[in-house]
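Overview (structure and organization)
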Amino acid sequence: MLKKILGVYEAPRAHWVGNGFPVRSLFSYDNHGKALSPFLLLDHAGPQNFTPTTGRRGVGEHPHRGFETVTIVYEGEVAHRDSTGMGGIIGPGDVQWMTAASGILHEEYHSEAFASRGGPLEMVQLWVNLPARDKMSPPGYQTLLNADIPQVDLPNGAGRVRVIAGNHGGSQGPARTFTPIDVWDVKLRTGAVTELQAQPGCTLALVVLHGTVMINGQEVVRAGQLVHMDREADTVHLEANNEVTLLWLSGEPIDEPVVGYGPFVMNSEAEIQQALDDFRSGSFGRIPAAEAVPVH
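Residues numbered from 1 in each chain as written. Predicted model: local features only at pLDDT ≥ 70, side-chain atom pairs only at ≥ 80, totals over all residues. Heavy atoms only, no water.

A closer look at the confidence of the model for the protein
Detailed reading of the predicted model is not advised wherever pLDDT is low. With 98% of its residues at a pLDDT of at least 70, the protein reaches an overall mean of 95. Contacts of residues 292-296 to residues separated by more than four positions or lying in other chains number 14 contacts, the stretch itself having pLDDT below 50. (pLDDT = per-residue confidence, 0-100. Contact = heavy atoms within 4.5 Å.)

Next comes the structure, spelled out in C-alpha cells:
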C-alpha cells in the first residue's frame with residue numbers, strides 16, 4: 001500500500017556556516033519539530049567550487065549536546081577533530097557519525113590537501129535525536145568509509161541504494177544507532193521506475209539533492225525539496241525523470257519533548273540551561289592539538 005505524501009517543502013536560500021560551508025537547511029527542529037522525529041536537522045552544503053588557498057576554510061571549535069551528527073561527503077574532503085581525541089579526513093562516499101550525547105567540542109574544516117588544490121565541495125549533515133535515556137551517554141565517533149558501506153543494486157537496473165544505517169535488501173548498514181533508523185543514499189538512473197519498502201509506523205522523509213522524481217505517481221519533486229510521508233502503509237513508488245540523488249530517512253519516532261537552543265537539543269529548558277553552564281565551565285573538555293589527533 002502506498003504511503004501518503006503529507007507535504008513537500010522547499011529549502012530556503014543558502015547561508016554560510018563558517019567560511020567553508022554554504023548550506024541550505026532542508027529542515028530543522030524548530031520548523032518541523034515532532035513531525036520528523038527522530039531527525040532534527042538536515043543541511044545540504046554545496047555543490048560549490050572553491051579556489052585553491054593556503055588558508056583554512058570551515059567552521060571552528062563549537063559544542064553539541066543531546067544528539068548525533070551524520071556528515072555524508074559527496075565531493076571534496078572534510079577534516080574533523082573533537083574533544084574525545086578522535087579525528088580524521090573523510091572524502092567522497094565517506095560518512096562521519098558523531099555522537100555528541102553528554103557533550104562534545106569539535107571543528108570541521110576542508111582538508112589541507114583539498115584546500116590547496118581547490119575544487120567542488122558537496123556534503124550533507126544530518127542531526128539525529130537521542131532519547132532522554134541516552135542524551136547524557138559518553139560522546140563517541142564512527143568513521144564509515146565508502147568501502148565499508150553496502151551498496152545494493154535496485155531491480156531492473158533502476159539504480160542503487162547505499163545502506164549507511166538500517167537494512168535494505170538484506171544488507172545491514174555499518175552505523176551503530178541508539179534507536180532504529182534507516183539512512184539510505186539512493187541514486188536512480190534516468191527513466192528508472194522502482195519501489196522502496198518502508199517500515200510502517202516510522203517517520204519517513206525523502207530529501208532530493210539532485211534531479212527530479214515523481215513520487216507515488218502524483219507529486220513531482222525537485223532538487224532542494226523535502227518530502228514528508230505519513231507513518232502508515234509501507235511502499236513508495238519512484239519514477240526518475242533524470243539522474244536522481246536522494247536521501248531516505250526513516251526512523252522510529254521518539255515521543256518526547258524537543259527543546260533546542262542552537263547546538264544543544266534536550267527535553268527541557270532546565271536541561272538547556274545545564275548544557276550552557278557545563279559548556280561555559282569547560283566540562284565538555286578540549287580539542288587536542290592537531291598533531292596529537294590520530295587519523296581514523
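Some words on unusual backbone geometry
Backbone phi values are negative for most residues with the exception of glycine, while trans is the configuration of most peptide bonds. A cis amide bond links S37 with the next residue in sequence, P38, at an omega value of 15 degrees. Locating P38 in the fold gives a position in the loop between β3 (21-27) and β4 (39-50). Looking along the chain, the bond that leaves G46 and enters P47 is cis, with omega of 0 degrees. Relative to the assigned elements, P47 resides in strand β4. Within the chain, A233 stands out as a residue other than glycine whose phi angle is a positive 60 degrees. Relative to the helices and strands, A233 is located in the loop between β22 (225-229) and β23 (235-240). The class of A233 is buried, set by a relative accessible area of 16%. (Helix = DSSP H or I, 4+ residues; strand = E, 2+ residues; numbered from the N terminus. Buried < 20%, exposed > 50% of the residue type's maximum accessible area, 1.4 Å probe, protein only.)

Brief notes about the pattern of salt bridges
Inspection of the entire model under this criterion finds eight salt bridges. As a salt-bridge pair, E10 and R24 come within 3.7 Å of each other at their nearest N and O atoms. Taken together, the residues span a long stretch of sequence, with E10 in strand β1 (residues 5-10) and R24 in strand β3 at a distance of 14 residues. Each of the salt bridges in this network shares a partner with another, and the network as a whole consists of R56, R81 and E107. (Salt bridge = Lys/Arg side-chain N within 4 Å of Asp/Glu carboxyl O.)

Points about the packing of aromatic side chains
Applying the stated rule across the entire model yields six aromatic pairs. On the numbers, 4.9 Å between centres and 10 degrees between planes, the contact of W184 with W248 is stacked. Residue W184 is found in strand β17 (residues 181-188), and its partner W248 is found in strand β24 (residues 244-251); the two are separated by 64 residues along the sequence. Of the residues examined, W184 reaches a relative accessible area of 2% and is grouped as buried. Using a relative accessible area of 0% as the deciding quantity, one classes W248 as buried. An aromatic cluster of at least three residues, connected via ring pairs, comprises F264, F279 and F284. Sitting over the ring of Y109, R56 keeps its end group 3.7 Å from the ring centre. (Phe/Tyr/Trp six-rings, centres within 6.5 Å; stacked < 30°, edge-to-face > 60°. Lys NZ or Arg CZ within 6 Å of the ring centre and 35° of its normal.)

A word on the nonpolar core
Among the nonpolar cores identified, the biggest contains 27 residues, and F27, W97, L126, V207, L247 and L249 are the most heavily contacted of them. Setting aside its immediate chain neighbours within four residues, V207 contacts L26, F27, L42, Q225, L226, T245, L246, L247 and L249. Of all hydrophobic cores here, the second largest spans 26 residues; its members include V152, W184, V208 and L246. (Core = buried A, V, L, I, M, F, W, Y, C linked by side-chain atoms within 4.5 Å.)

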